[in-house]
Each structure stands twice: as C-alpha cells, then as structure tokens.
Amino acid sequence: MSKLVHVAVGVICREQQTFLTRRLEGTHMAGKWEFPGGKVETDETVAQALSRELKEEVGIDVLACSPLINIEHDYGVKKVLLEVFLVDQFQGEPQAQEGQEQQWLDVSALSEVDFPEANLEIVNKVKQYFFGEAV
Ligand SMILES: Nc1nc2c([nH]c(=O)n2[C@H]2C[C@H](O)[C@@H](COP(=O)(O)OP(=O)(O)OP(=O)(O)O)O2)c(=O)[nH]1
Ligand SMILES: [Mg+2]
C-alpha cells in the first residue's frame, strides 16, 4: 500500500490567466503540465509549504491565498492529497527557477492542457470560480 503524500498547490492567477510549469524529466509524471507546488514537509503548515514552494519553484512571494479544493488521488505507485489554493496576490514576476517550461494560459483553455489525472477536478473548480456554474 502506498503512503499518502501531502502536497500544497498554487493556482497563480492574474487577469483570467493562470501560470503553469512543466514537470521535469526524472520526476513522477515528467512532461505533464502542473500548477507549481510541492510536498508539505514535517513541522510545516500547508500555507508555509505553499509559500516556500512557490518561492523555490517560480520565485514569487505569496501575499494572500485562498483555499480552492482538496483532492485525494491514487496514482497506484503513489497516493496524493493535493491542497489547492488560489494565489492572486503575490510579489515578483513568476519565473520557473529550475529550468522548467512555463506559460501563462487563459482559464478558458485549461481543459486542453496535458495535466496529471488529479487535475481535472482542479480545472473544473478554477473554471467554476471564474465563469460560474457551467463547466
Ligand atoms: N505541484 C503539483 N503537483 C501535482 C499536481 N497534480 C498532481 O497530481 N501533482 C502530484 C505530482 C506529484 O506526485 C506530487 C507533487 O510532488 P512534487 O514532485 O511537485 O513535490 P516537490 O515539488 O516537493 O518535489 P521534490 O522536492 O520531491 O522533487 O503531486 C499539480 O498540479 N501541481
Ligand atoms: Mg513541485
């Protein structure tokens, strides 16, 4: 049985666009696009993890965030609990710090992105947040 990995995920948004990075080779689900984030470490709150990861991965300081959705997903080799936050107030310009590809993408185009399976629910929630009920 695989253990549950607790992950803090940030949907960085500005003017109906979100910032995406591409997972590096050699990682779980390499090549898929993702919302920046990473594992919550011991003795760290999920909010602290979010701030730390967004600083490390895309170089921004989170000024405010709000919870969007929690998703538990079993990938077989790995089971994840994604705690997803909307990040619409931040300092600095998001820029991939680890050589990942990056893009700002319209929320309306999120459904076409090659994301990990668990992200379907995130995408639906983000679209719902921006455009209302119809998804
Ligand atoms: N960051 C992020 N992770 C996601 C998303 N969707 C999804 O299924 N995941 C999964 C992939 C990974 O198994 C896990 C996140 O782990 P990670 O590899 O980003 O963790 P990390 O940044 O701490 O990386 P590392 O230090 O362990 O290399 O959550 C997403 O949109 N963003
Ligand atoms: Mg990460």
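The rules behind each value
- Numbers given for residues are sequential positions, taken from 1 along each chain in its written order.
- As they are written, the chains are lettered A onward and the ligands numbered 1 onward, keeping that order.
- Only residues with pLDDT of at least 70 get local features here, since the model is predicted, and only at 80 or more are side-chain atom pairs given and counted; chain-wide, interface and lining totals rely on the full set of residues.
- Residue proximity rests on one test: whether the C-beta atom, placed from the backbone, lies within 6 Å of the molecule or strand.
- Counting from the N terminus, the helices are DSSP H or I runs at least four residues long and the strands are E runs at least two residues long.
- All amino acids are sorted into three groups, where Ala, Val, Leu, Ile, Met, Phe, Trp, Tyr, Cys and Pro are nonpolar, Asp, Glu, Lys and Arg are charged, and the leftover types, Gly among them, are polar.
- UniProt positions are given in the numbering used here, feature names are shortened, and annotations may be inferred rather than shown by experiment.
- Put plainly, a residue is buried at 20 or more neighbouring C-beta atoms within 10 Å of its own, exposed at 12 or fewer, and partly exposed in between, counting only other residues' C-beta atoms, which are placed from the backbone.
- Here contacts are defined at the residue level, using C-beta atoms placed from the backbone and a cut-off of 7 Å between them.

Peer 1: Account for the site of ligand 1, naming residues and giving values.
Peer 2: In the vicinity of ligand 1 lie 19 residues, with Glu 34, Gly 37, Gly 38, Lys 39 and Pro 116 positioned nearest. For the shell around ligand 1, the elements supplying multiple residues, two or more each, are strand S1 (4-14), strand S4 (37-39) and strand S6 (79-91). Grouping the constituent residues of the shell around ligand 1 by class yields 10 nonpolar, five polar and four charged.

Peer 1: Residues and numbers for the UniProt feature "binding site: 8-oxo-dGTP" (unreviewed entry) in the chain, please.
Peer 2: Using the residue numbers shown here, the UniProt feature "binding site: 8-oxo-dGTP" (unreviewed entry) corresponds to Arg 23, His 28, Glu 34, Phe 35, Pro 36, Gly 37 and Asn 119. The annotated residues occupy 97 residues of the chain but converge on a single region, no pair of C-alpha atoms lying more than 14.4 Å apart. Taking the number of C-beta atoms within 10 Å as the measure of exposure, His 28 has 12 and is therefore exposed. Residue placement: Phe 35 occurs in the loop between strand S3 (33-34) and S4.

Peer 1: Before we move on, could you go through the environment of Gln 89 and cite the residues and values that matter?
Peer 2: Positionally, Gln 89 belongs in strand S6. On a C-alpha basis, the gap between Gln 89 and Cys 13 in space is 8.3 Å, while along the polypeptide they are 76 residues apart. Setting aside anything within four residues of it in sequence, one finds Gln 89 in contact with Leu 63 and Ala 64.

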